[in-house]
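Chain residues, written in single-letter form:
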Amino acid sequence: MFLTLLAHQWRSDLRSSVFQKSLALNIILALLILYFGGIFLFIGFHLDKLLGELYPGQNVVSVFNGMLLVYFLIDLFFRFLMQELPVLAIQPYLHLPISKNKLVHYVLVKSVPSFFNLLPLLFLVPFKVTAVIPAYGLGIATGWLLALMTVTLLNNFLLLYFKRQMSNKPLYTLAFGLVIVGLMLLDYLDVLQLQVVSQVVFGAILSQPWLVIVPVLLLVGTYLLNFYFLKAHTYPEELQVGKAKEATGGDITFLNRFGEIGKLIELELKLIWRHKRTKSVVTLSVMFLFYGFIFYGNGKYLDGFAMLIFVGIVLSGMTMFNYGQFLPGWQGGHFDGLLTQRISPYQFLSAKYWMMVPVMVLAFILTLPYGFFGYKIILINTAALLYNIGVNVFVVFFFSVQNTQKLDLSKSATFSWQGVGASKFVMMLPLMVLPILIYLPFGLLGVPYAGIAAIGGLGLLGIIFQKQLLQYSANRFTAHKYKLAAGFRQS
Amino acid sequence: MVTIDNLQKIYNGTTVVNIPELNITAGESVGVVGNNGAGKTTLFRMILDLIRPSKGEVFSKGINVIESGDWKNYTGSYLDEGFLIDYLTTEEYFKFIGDLHGLSGGDVTERLAPFMDLFNGEIMGQKKYIRDFSKGNQKKIGVAAAVLSNPELLVLDEPFANLDPSSQIRLKNLLKTLREQKQMTMLISSHDLSHVIDVCERIVILEKGQLVQDMQTNENTLQELETYFTV
């Protein structure tokens, strides 16, 4: 029975539309996994030497043990952000003659072979071979590895439990989060040294291998905690799935002043606010505002121009790129409805334009403090902003008619490749490379500031002819709308 | 009101719709019946300019629907859930549609009043998003939104499907009232022969994309249709 369930799961993964649709995407995904896997393996094999150099004269294994606690806390944090709850899958089985225990075990065991649980093995095993075995012998080293893997699984089940509690008992989850933050804070204030605690705890396992029993018992306890909780709540409506959320957010009356375009903007803002995937796009975009530190903090980029232009374009434009690359797939679910309403394609696109412009201006204002790294940055970013508003928006509109895939808005954006296709990569090129190409001849002639002016000037031209460009985009949209509507109906 | 001229839709060599001629005069209510795959929905989509015909034209008030969006001002339509903006609450959705047609909040409430029986207290003031409603209730919302603008032409695909018996009868009476009081032109597809005969004065039968029969409703129509569909 258990195997049948697993086989079903395997088929559901294999037959999911995303997986089947694009071979190229799967290859890219596989390469990414290989790449990161390779990095972890490499780190694993060289960690002993690395730590030896960083902390000369200290025992490598005990330094490593010192870092483990922090590592596990970070692991928990990332799991909290990214790990999904495996629940929905049991819904079709609940009414069949399969014992509840089996189903619950299945749900729980299914969470074990995940990316998060297997990744640590990639660097723990090599480190065990290169550093732990030579110092402590095979037996103790194996016990140590077992303990660490047990803690990894402990994290897995702890997180499942608390993330599930979030919907009905948010205080539990909050308290859990506060404890972790508190620990980090205590460490930062030097009240409690996590490193020392960690060294003692994991060192104990090396000196007294039978202590492995402690994490194992903890794991069993957490597993049972999950088990009994799930068993008592195997009703879809009691779990997070399918729970109707109460409507939130009122009308944005301020936008009413802008007539029909204002209405459409309000509609789209609600779309963003009320869906998981759009919200995570917004969060992601906010994180991109910090992108500047990587480049501005590094003196060698500040002398050049090309790289700074790239950063400028990204800083004010990233929200628009992230959101715009899928246009109008966000509205794929009700595209037919929009087409039959009294909305002209021109209004439809204008609303998107006037929603994006304030966002880009806001991003520009928020990143103004980067000017402390040099006034040149403000100059370049202003030109980039103009270029984004005047040219790049229309580049996004130009490519948007190729997006015939409807987006599933209820899924989080992390690890979601749905809707991502080769066209997205092609589209990013003109957005970011074109301004640099415009700058290039001026840069080579030794008049870099003229190049910046050219980028800004081009943007300004786009802003002046904004109406004509919007009309052109609207005509293009009209010409492709049947293809778009047909695509959305299918997916 | 609506004129169809030599309309064809061909997918990969298969003709799904092929209608040489069809005229619907203002105030007429036309029921479209036919088995699955007869091309009813495809026909409606072409009338609403959602699918580009392979050949031929659809004229609404004499204007080709592809060339101008004017027909949207006087056409209300609901084909499937793809017409609903499902992340809005019912009130927000009606308000949005009302705003597009320049209706005030009071107008919207007034125009929805006849629907209160049909809504059965389950639609308004629910504090939940349209996506969380049942299929039947979503249909009621969609039909009400289509009628909201007081359109001259109303296009509905399977309005009775997914509704409970009481709701079916209420909707039927509602549509009849609209037809009689406002002379609304209607184009309704349905698998429920008796309901569609009650509402519509003219019935056309589609089969494999072809218009095979076109008749005025009388007391024998139901019998004729049943004979036709008995295989």
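Predicted model only: the values in this text are computed from it and were never measured.

Between its terminal C-alpha atoms helix α10 (residues 213-232) of chain A stretches 28 Å, which fits the 28 Å expected from 20 residues at 1.5 Å a residue. If you check which residues of α10 of chain A are buried, you get Pro 215, Leu 219, Thr 222, Tyr 223, Asn 226, Phe 227, Phe 229 and Leu 230 of chain A.

This part is about empty space enclosed by the protein. This structure, assessed with the given rule, holds 6 cavities of 30 Å³ or more. One number sums up the size of the largest cavity: a volume of about 90 Å³. Around the largest cavity, the lining is made up of 10 residues, and of these Glu 266 and Lys 270 of chain A together with Glu 92, Lys 95 and Phe 96 of chain B lie nearest the centre. At the level of secondary structure, the elements contributing two or more residues to the lining of the largest cavity comprise α11 (259-273) of chain A together with α2 (90-100) of chain B. Each residue belonging to the lining of the largest cavity can be placed in one class, and the counts come to 3 nonpolar, no polar and 7 charged. Space inside the second largest cavity adds up to approximately 70 Å³. Those elements giving two or more residues to the lining of the second largest cavity turn out to be β6 (75-78) and α5 (135-148) of chain B.

Residue and element names in this part refer to chain A. Taken as a whole, the second largest pocket encloses approximately 610 Å³ of empty space. Along its surface, the second largest pocket is lined by 25 residues, and Leu 269, Thr 319, Met 355, Pro 358 and Val 359 are the ones closest to its centre. Broken down by secondary-structure element, the contributors of at least two residues to the lining of the second largest pocket are α11, α12 (276-288), α15 (306-324) and α17 (345-366). Its residues assigned to classes, the lining of the second largest pocket shows 22 nonpolar, 2 polar and 1 charged.

As a further point, take the pattern of salt bridges. Using the criterion set out here, one finds 16 salt bridges over all chains in the structure. With its nearest N and O atoms 2.9 Å apart, the salt bridge here joins Arg 45 of chain B to Asp 80 of chain B. Placement of the pair is Arg 45 of chain B in helix α1 (residues 40-47) and Asp 80 of chain B in the loop between β6 and α2, with a sequence separation of 35 residues. Residue Lys 135 of chain B pairs with Glu 81 of chain B through a salt bridge whose shortest N-O separation is 3.0 Å. One end of the pair, Lys 135 of chain B, is in helix α5; the other, Glu 81 of chain B, is in the loop between β6 and α2, and 54 residues separate them in sequence. One connected set of salt bridges, linked through shared partners, spans Glu 266, Lys 270 and Arg 274 of chain A together with Glu 92 of chain B.

Attention shifts here to the domain arrangement of chain B. Residues and elements named next belong to chain B. Domain boundaries in chain B define domain 1 (1-74 + 152-162 + 182-231) and domain 2 (80-150). Of the residues lining the interface, 15 residues belong to domain 1; the matching set on domain 2 comes to 10 residues. Between domain 1 and domain 2, the buried area comes to about 880 Å², and carbon and sulfur atoms account for 60% of it. Counting every contact that joins domain 1 to domain 2 gives 1 salt bridge.

The topology assignment puts Lys 481 of chain A in helix α21 (residues 466-490). In this structure Lys 481 of chain A comes out as buried when scored by relative accessible area, which is 10%. Dropping the residues within four chain positions of it, Lys 481 of chain A is found in contact with Phe 335 and Leu 339 of chain A together with Asp 49 of chain B.

Before going further, it helps to spend a moment on the interface of chain A and chain B. Note on interface size: it is often stated as the accessible area lost on association of the parts. Taken residue by residue, the interface counts 33 residues in chain A and 31 residues in chain B. Per-residue buried area on chain A facing chain B is highest for Thr 340, Arg 342 and Tyr 482 of chain A; these three make up 25% of the total on that side. The tally of links between chain A and chain B comes to 5 salt bridges. Among the salt bridges present, the one from Arg 45 of chain B reaches Asp 336 of chain A, with a minimum N-O distance of 3.7 Å. For the pair chain A and chain B, the interface holds 15 residue pairs in polar contact (both at pLDDT 80 or more). Listed by contribution, the elements that provide at least two residues to the side of chain A that touches chain B are α11, α16 (335-340) and α21 of chain A. Sort the elements by how many residues they give to the side of chain A that touches chain B and α11 of chain A lands first, with 7 residues. When grouped by side-chain class, the residues that make up the side of chain A that touches chain B number 12 nonpolar, 9 polar and 12 charged.

Cut-off values and rules
Residues numbered from 1 in each chain as written. Chains lettered and ligands numbered in written order. Predicted model: local features only at pLDDT ≥ 70, side-chain atom pairs only at ≥ 80, totals over all residues. Heavy atoms only, no water. Helix = DSSP H or I, 4+ residues; strand = E, 2+ residues; numbered from the N terminus. Expected span 1.5 Å × (residues − 1). Buried < 20%, exposed > 50% of the residue type's maximum accessible area, 1.4 Å probe, protein only. 1 Å grid on protein atoms, 1.4 Å probe; cavity = no way out; pocket = protein on both sides within 12 Å on 5 of 7 lines; lining within 4 Å. Points joined across faces, edges and corners; volume = space filled by probe spheres on them. Nonpolar A, V, L, I, M, F, W, Y, C, P; charged D, E, K, R; others polar. Salt bridge = Lys/Arg side-chain N within 4 Å of Asp/Glu carboxyl O. Domains from an automatic or database assignment. Contact = heavy atoms within 4.5 Å. Buried area = accessible area lost by both parts, 1.4 Å probe. Polar contact = N/O pair within 3.5 Å; in protein donor to acceptor, adjacent residues only side chain to side chain.

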